[in-house]
Protein chains: 4
Amino acid sequence: MDYVYGPGRNHLFVPGPVNIPDPVIRAMNRQNEDYRSPAVPALTKTLLEDVKKIFKTTTGTPFLFPTTGTGAWESALTNTLSPGDRIVSFLIGQFSLLWIDQQQRLNFKVDVVESDWGQGADLAVLESKLRQDPTHTIKAICIVHNETATGVTNDLSAVRKLLDAYRHPALLLVDGVSSICALDFRMDEWGVDVALTGSQKALSLPTGLGIVCASPKALEASKTAKSVRVFFDWKDYLKFYKMGTYWPYTPSIQLLYGLRTALDLIFEEGLDNVIKRHTRLGTATRLAVEAWGLKNCTQKQEWFSDTVTAVVVPSYIESSDIVKHAWKRYNLSLGLGLNKVAGKVFRIGHLGNLNELQLLGCLSGVEMVLKDVGYPVKLGSGVAAAAAYLSNSTPLIPSRI
Amino acid sequence: MDYVYGPGRNHLFVPGPVNIPDPVIRAMNRQNEDYRSPAVPALTKTLLEDVKKIFKTTTGTPFLFPTTGTGAWESALTNTLSPGDRIVSFLIGQFSLLWIDQQQRLNFKVDVVESDWGQGADLAVLESKLRQDPTHTIKAICIVHNETATGVTNDLSAVRKLLDAYRHPALLLVDGVSSICALDFRMDEWGVDVALTGSQKALSLPTGLGIVCASPKALEASKTAKSVRVFFDWKDYLKFYKMGTYWPYTPSIQLLYGLRTALDLIFEEGLDNVIKRHTRLGTATRLAVEAWGLKNCTQKQEWFSDTVTAVVVPSYIESSDIVKHAWKRYNLSLGLGLNKVAGKVFRIGHLGNLNELQLLGCLSGVEMVLKDVGYPVKLGSGVAAAAAYLSNSTPLIPSRI
Amino acid sequence: MDYVYGPGRNHLFVPGPVNIPDPVIRAMNRQNEDYRSPAVPALTKTLLEDVKKIFKTTTGTPFLFPTTGTGAWESALTNTLSPGDRIVSFLIGQFSLLWIDQQQRLNFKVDVVESDWGQGADLAVLESKLRQDPTHTIKAICIVHNETATGVTNDLSAVRKLLDAYRHPALLLVDGVSSICALDFRMDEWGVDVALTGSQKALSLPTGLGIVCASPKALEASKTAKSVRVFFDWKDYLKFYKMGTYWPYTPSIQLLYGLRTALDLIFEEGLDNVIKRHTRLGTATRLAVEAWGLKNCTQKQEWFSDTVTAVVVPSYIESSDIVKHAWKRYNLSLGLGLNKVAGKVFRIGHLGNLNELQLLGCLSGVEMVLKDVGYPVKLGSGVAAAAAYLSNSTPLIPSRI
Amino acid sequence: MDYVYGPGRNHLFVPGPVNIPDPVIRAMNRQNEDYRSPAVPALTKTLLEDVKKIFKTTTGTPFLFPTTGTGAWESALTNTLSPGDRIVSFLIGQFSLLWIDQQQRLNFKVDVVESDWGQGADLAVLESKLRQDPTHTIKAICIVHNETATGVTNDLSAVRKLLDAYRHPALLLVDGVSSICALDFRMDEWGVDVALTGSQKALSLPTGLGIVCASPKALEASKTAKSVRVFFDWKDYLKFYKMGTYWPYTPSIQLLYGLRTALDLIFEEGLDNVIKRHTRLGTATRLAVEAWGLKNCTQKQEWFSDTVTAVVVPSYIESSDIVKHAWKRYNLSLGLGLNKVAGKVFRIGHLGNLNELQLLGCLSGVEMVLKDVGYPVKLGSGVAAAAAYLSNSTPLIPSRI
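As the structure is a prediction and not an experimental result, all values here were calculated from the model.

Here the focus is the overall build of chain A. In terms of helices and strands, chain A carries 13 helices and 14 strands. Here chain A has a C-alpha radius of gyration of 21 Å; the compact-globule value for 401 residues is 21 Å, and the two agree. Reported as C-alpha extents along the three principal axes, the dimensions of chain A are approximately 60 × 55 × 40 Å. Within chain A, residue pairs in contact and separated by at least 24 positions form 73% of the contacts whose partners lie at least 6 positions apart. For chain A, the accessible area works out to roughly 12400 Å², and carbon and sulfur atoms hold 53% of it. Looking at chain A, you have 42 positive and 38 negative side-chain charges, and the mean spots of the two groups are 1 Å apart.

Right under this line is the structure:
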């Protein structure tokens, strides 16, 4: 199945699955083993402890579901809510749309708060809904921290402030799929009740782990939540946690070892340095886009995402041609525009285990592709702008000083 | 996390996860890639075609869920049934018990047909229920083809015959987790409506794929089934199958390439030869158990399983000591007795990519462990009995003749 | 030993060892096996046949020594020459120097023909020596096709023409370490008697194979050559070739499988396309150097190397600072200046399995490093120049059209 | 090239290349890197220090040649001796024969002391030669510690005692290819001047490293030794050791990381425990051979090898049929009889990273093969004898207690 072989490396700049670091690939290159022997529980114990650090929580309880982000969503919702519960959910792009679709199919009553694609969550509407809800009919706020389709980062601390201001007890459920471990995310400080991510995003692993973290309040809610669930039920996990065997069903041994190494690498770099690196790469990308004379799909700076940039193309260009051409000519994988912005934007994912020169290679590729599809770009302009910034902001690699 | 390192190989004889062939480990040793590029759909297309062959179906529709067997169960049930539906389900061991627990939590009305652990499904009871159901209140029969906890294989063709005899339209849902690709399984011929397995069993992959195959009748049922489902919903898959992109959410690239190689190896050996090899290894194991003077947990020959053998130990021995000791002294991983048979049986898994000498090494290890825990075994007796049989029945490796 | 871990990929642009393609790493990810079983000879047979294609020979006999380029040199010399034999050898850089050192230590009488570092072999001197050698005291001409230290490619066809013009029977021994499989090389057409390369160069494998190819005339010479040799003796190999077992001592199984895949990838791309790709990347690199206002160490265009570019830095810069800084800040590995050009040049290796965007990433890294060490480079200038050229010359990837 | 695929694992019991532990394969699963960056020298430094431990030397100087055992032989000889030097060399099997052939081709004057194949070195002859050499014309004693072809281990301490008794200054050169890291070997205590091994033997790596360790006396001798050498010259290595860069030419990065892990595993188990494990497996094998009623090629217990057992077959059996059949039917790789014992013996290698159950699997395979080729073996007899011994002597795995 290597009929797609091209010389040299594939340049993977979709916003997930992302580049896996070599040590992680190495760690996963292994046989199966008995997950009921003492080895796997001992490993799992360290993972559960360490995974909390990337959520910035000390009080949360993590679950490592053998699933994807979609499954993690389902786990977050069904463990905390009952059919018919009213929730407020923000629609700002394709992934928030899909989550809302799931919420509706799971029979919650969803107040959809829609924004233009390219804008963040409309918190004014949220405020008004909270104000008008003295009896606390709203059971949960569902929000995507970073909308991967448009490159929009929402302000979670502002959401928390609103809830606090109205002393509203609604649960705060956060999709952190393209944010956690890349953007500033603080589960405890921001009072997030359920946060979740997928292994193939900023953790830089293969797909296969849906990581869900529940606050004590969310755990409490799970005791009475009436949504039907078995595979995604926290209860079964908690039972096995108590027994010290951890797994109600067979985990992927390989992903657990991969996660161990991924966390080790993140801690070696330092989580805050990882986040700074994402800020750096995000900023550089936006400077390149500006230099090309193109527009960021994200409409205001406050929403700029440091993990993915959606670039708006002129109307005479079909953005999927850019994606196809990048792959066919330069072995460069870019993200398509989805749904409402299909054909209008292409996306550069700059999250996960990535460095400056990888990004600059990508940006020079994008320039050549833009030229190929007829956009009058000055070759080198974006790279120059990005490099000027990176040249001033990139630190030495600590271990090599 | 290699604190459990012991010299030489781990001898993995739990009934899953099983030994992964080297070519499969090799195939999975790879980077992430964009699953929306043409490469992944093209690969997926071949997988869906070829996976049908191991289910022996031409009319079925397979789904490769990024989940485990437990998730595959859930997918089978929720896509075909509605809450309150009456189903008949056989309880013959820990895994059928867990499935029944799931069925009940998913709000089906379950007629549990219990057998002694060590016996197969009680088809006489099924017959009587079918006879007494002229109005077809029974919507589905749920049966585990091979109960991994007791080493019992049920006779699926007999179930089909009963359904046909009574012209009963109930769906036939089959857990083939420790059977498909190892035991004789014929989805179309036996009129199975949903069959499922997990990647870490006879397919000899890591955990992470729950493979579900639906008959046309099951697909039809899914259109009206009212069970709530999103992640496990066939509808989303079918929509993406039609579009030719195949994946409603991110698949595990690595497992797909691994599955490709696993299928290639199975087809190279020949599925029927794979099944014969399991018969051979199962028979050899039972001969060893007999030579040791121990009892098979499976009470009659008609139920003997060729993928796992549960061995009953004398009452003065705690079977978990055997499992612990095997791991601690001989780097041998055996299966524990579960639930009702905890402490009373240990299990030898002999499924997946395994050959004669691996099994004989395991059997000689079991002998030494039996001696260590105080059972008066004659060292070499079981191996001799197994080898006498294998020596007469093992074919030459075709590619090396 | 990952204390040198830095986020993202290492950008490997030394002129060897070079980037290994993922499929090759995958192929080498395997156990040992019995090299005396039928499998390894069968594999070896295909390798020996196919390796000839990359030397462009049908009459040559290849040897896959478990050694490095230095060992391959020794094999070439000791199998064809006797102590005291007169040879003409060109000194144009560090690697030709090292080969000459070896020639002298092996007790040949070496006529060293020296050029300035940055110039090619002085063929005028060769001509005069040939003219003055009617009795054929010169037994061999030793020439490095591509001097890796200075980025100078010699004109082998011109050497052959001289030998033919003087009807001189001297053997033509060629170091093709950084040329074969990357530059235009034609063993048969150019009458090369021994050609050699190392696995870690354009073949894009790990170090460990010294590949030597002997013409019929060289094989003939080996029958009477009196140089002492055992490990590197062709005779032992030829004996085992005849027996069909191929190996006088244990080969590296893993490298053989790696070579198989490396050759498959080269043939899939097409050897001529591989060479064109090197021309393209070499040209792009030189355009960048020019745009930066820096000098190529190679003094004339006729000698420009498409596998490595040695860049001369201004006298106020120590070139090793560039190399150190690139590694410490940008995870970029560049080549040091060696010996006479130490401190004065740094080298960009652009050979092996590499594509356009990888190179552009490297070039943008070099720009930032140049700025960091105080050279007044215009960021983006080199990348722009390279991209302008690449944008016009890079073909679509055939398998993806 | 997997046309030789057979289900399940290959059982590799040739006396090299041997089974590679999974953590070593994992460690080698990596990209090339710049060997001139600080990372590779830092790694090399630890390797050189740690490799001395497996030679049991504190005063020796190790060299990690990118070569095989044959190259390591050549390095030992050419660095310490001059053409025409008289050496005493013991011929006791195929590998000592090959080494003697090399010694003769390198132009030393070799006193060959021959024993029957199956006997150890004739030390009485050595004693007489030393007695008759008051002027010290003998420059070196060359001895294979463990003759891999016949499974004979020589008594090196006895050789040292003789040299000491006669105050003879001859160098003691030892081939430890199938002994070091498996048998009791003490370079310093036994006054060995050059010892050597290959990576694919007890170190359990792929082929590719010829490890040579020189005593101070050997290093001194190398200053005046006149044998021609370049690739294998210690001088070049010592020069780079002094510079702290360690490598006169490109090493195999992957093998260095593999060696690091291999040493880590050996130290984790404990070198003395590794040796005891080999004693245990060797003893078990011999007990099986005895139980089968077959003869050990090794004629006296004092020479029994704990790394390889050569088994003599009855005259009506061609031993290569056993080897072929084992591979074709049971995926079992055994060693052929070589040269004088071709057709008469087959060999079971039991060295490297191997445990009890692997060996028992092999032994039961050998039993079945013996039956297949017409030898009246009692199936289970050898396994029973081996297991009876192993059951009493195998310790718990320390990390799992």
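Back to the write-up after that little detour.
The subject of this paragraph is the interface of chain D and chain A. Each partner contributes residues to the interface: chain D has seven residues there, and chain A has seven residues. Approximately 610 Å² of surface area, both sides summed, lies buried where chain D meets chain A, with 38% of it carried by carbon and sulfur atoms. At the junction of chain D with chain A, the criterion picks out zero residue pairs in polar contact (both at pLDDT 80 or more). Looking at side-chain class alone, the side of chain D that touches chain A contains two nonpolar, two polar and three charged residues.

What follows is about the relation of the copies chain D and chain A. One copy of the chain maps onto the second through a rotation about an axis and a displacement along it. When chain D is fitted onto chain A, the two copies agree to an RMSD of 0.0 Å after a turn of 180° and an axial shift of 0.0 Å. Such values leave the two copies arranged in the relation of a two-fold axis. Across chain D, the smallest distance between a C-alpha and the rotation axis is recorded for D:Arg26, namely 2.8 Å. A symmetric contact is evident, with 100% of the interface residues of chain D recurring at the interface of chain A.

Moving on: the side chain of A:Arg329. Note that A:Arg329 resides in helix H11 (residues 319-330). In this structure the side chain of A:Arg329 is engaged in a polar contact, spanning 2.9 Å, whose partner is the backbone oxygen of C:Ser391. Only 2.6 Å separates the side chain of A:Arg329 from the backbone oxygen of C:Thr394, close enough to count as a polar contact. Not counting chain neighbours up to four residues away, the residues in contact with A:Arg329 comprise A:Asp372, C:Leu390, C:Ser391, C:Asn392, C:Ser393, C:Thr394, C:Pro395, C:Leu396 and C:Ile397.

Okay, the pairing of strand E14 (residues 345-349) of chain A next. Residues and elements named next belong to chain A. Within E14, five of the five residues are buried, leaving the element largely enclosed by the surrounding structure. Side-chain alternation along E14 places Val345, Arg347 and Gly349 on one buried face and Phe346 and Ile348 on a second face that is also buried. In terms of strand pairing, strand E12 (residues 308-312) meets E14 through five bridges, oriented antiparallel. Within E14, the position partnered with Val312 by the bridge is Val345.

One pass over the full model with this rule turns up 96 salt bridges over all chains. As a salt-bridge pair, C:Asp306 and C:Arg286 come within 2.9 Å of each other at their nearest N and O atoms. Within this pair, whereas C:Asp306 is found in the loop between strand E11 (295-296) and strand E12 (308-312), its partner C:Arg286 is found in helix H10 (residues 271-291), the two being separated by 20 residues in sequence. Just as C:Asp306 is buried, C:Arg286 falls in that class too. Across the pair D:Arg280 and D:Glu356 runs a salt bridge, and its minimum N-O distance is 2.8 Å. Residue D:Arg280 is located in helix H10 (residues 271-291), and its partner D:Glu356 is located in helix H12 (residues 356-372); the two are separated by 76 residues in the primary sequence. The class of D:Arg280 is buried, set by a relative accessible area of 11%. Residue D:Glu356 is classed as buried on the basis of its relative accessible area of 5%. Overlapping salt bridges, with partners in common, bring together A:Asp101, A:Arg105, B:Arg229, B:Asp233, B:Lys235 and B:Asp236 in one network.

To continue, consider the environment of D:Pro62. Residues and elements named next belong to chain D. Structurally, Pro62 is set in strand E2 (residues 61-65). For the pair formed by Pro62 and Met187, sequence separation is 125 residues and the distance between their alpha carbons is 12 Å. Beyond its immediate sequence surroundings of up to four residues, Pro62 is in contact with Leu48, Val51, Lys52, Val212, Cys213 and Tyr241.

Quick look at the sheet that holds strand E2 (residues 61-65) of chain B now. Residues and elements named next belong to chain B. Read from one edge of the open sheet, seven strands run E2-E10-E9-E8-E5-E3-E4, paired in mixed fashion. A strand with exactly one partner marks an edge of an open sheet, and here the two such strands are E2 and strand E4 (109-114). The sheet shows a mean angle of 20° between the axes of neighbouring strands, direction not considered. Examined bridge by bridge, E2 and strand E10 (residues 210-214) share five bridges and lie antiparallel to one another. Across the sheet, the residue bridging to Thr61 is Ala214, located in E10. Against the sheet, helix H3 (residues 69-80) engages E2, strand E5 (138-144), strand E8 (171-175), strand E9 (194-198) and E10, with an angle of about 165° to E9.

Residues and elements named next belong to chain B. Read across the open sheet, the three strands follow the order E11-E12-E14; overall the sheet is antiparallel. Looking at the sheet topology across the chains shown, the edges are occupied by strand E11 (295-296) and strand E14 (345-349). Running at roughly 10° to strand E12 (residues 308-312), helix H10 (residues 271-291) makes contact with E11, E12 and E14 of the sheet.

Glancing now at the relation of the copies chain D and chain B. Its rotation angle being 180°, the transformation that places chain D on chain B also includes 0.0 Å of axial translation and leaves an RMSD of 0.0 Å. Comparing contact sets, 100% of the residues at the interface of chain D also lie at the interface in chain B, consistent with an isologous, same-surface contact.

The next thing to look at is the interface of chain D and chain B. The interface is formed by 53 residues belonging to chain D together with 53 residues belonging to chain B. On the chain D side of the contact with chain B, D:Tyr5, D:Leu357 and D:Arg400 bury the most area, a combined 18% of that side's loss. Taking the shortest distance from any N to any O, the salt bridge between B:Asp22 and D:Arg9 comes out at 3.8 Å. Summed over the shared surface of chain D and chain B, the number is 23 residue pairs in polar contact (both at pLDDT 80 or more). Every element with two or more residues in the side of chain D that touches chain B is listed here: helix H1 (22-28), helix H9 (253-269), helix H11 (319-330), H12 and helix H13 (381-393) of chain D. Tallying contributions element by element places H12(D) first for the side of chain D that touches chain B, with 10 residues.

Here the focus is the nonpolar core. Grouped together as the largest cluster of nonpolar side chains are 205 residues, with contacts concentrated most on C:Ile141 and D:Ile141. Discounting chain neighbours no more than four positions away, the residues touching C:Ile141 are C:Val88, C:Phe90, C:Leu126, C:Leu130, C:Val159, C:Leu163, C:Ala170, C:Leu171, C:Leu172 and C:Leu173. Within the second largest apolar cluster, 199 residues are counted, among which are B:Leu126, B:Val177, B:Leu209 and B:Leu219.

Rules behind the numbers
- Residues numbered from 1 in each chain as written.
- Chains lettered and ligands numbered in written order.
- Predicted model: local features only at pLDDT ≥ 70, side-chain atom pairs only at ≥ 80, totals over all residues.
- Heavy atoms only, no water.
- Helix = DSSP H or I, 4+ residues; strand = E, 2+ residues; numbered from the N terminus.
- Rg over C-alpha atoms; globule rule 2.2 N^0.38 Å.
- Contact = heavy atoms within 4.5 Å.
- Areas by Shrake-Rupley, 256 points an atom, 1.4 Å probe, with all protein chains shown as cover.
- Lys, Arg positive; Asp, Glu negative; His and termini not counted.
- Charge placed at Lys NZ, Arg CZ, Asp CG, Glu CD.
- Buried area = accessible area lost by both parts, 1.4 Å probe.
- Polar contact = N/O pair within 3.5 Å; in protein donor to acceptor, adjacent residues only side chain to side chain.
- Nonpolar A, V, L, I, M, F, W, Y, C, P; charged D, E, K, R; others polar.
- Least-squares fit on C-alpha atoms with pLDDT ≥ 70 in both.
- Buried < 20%, exposed > 50% of the residue type's maximum accessible area, 1.4 Å probe, protein only.
- Pairing = 2+ DSSP bridges.
- Salt bridge = Lys/Arg side-chain N within 4 Å of Asp/Glu carboxyl O.
- Axes fitted to C-alpha atoms, helices over the stretch in contact; angles between N-to-C directions.
- Core = buried A, V, L, I, M, F, W, Y, C linked by side-chain atoms within 4.5 Å.

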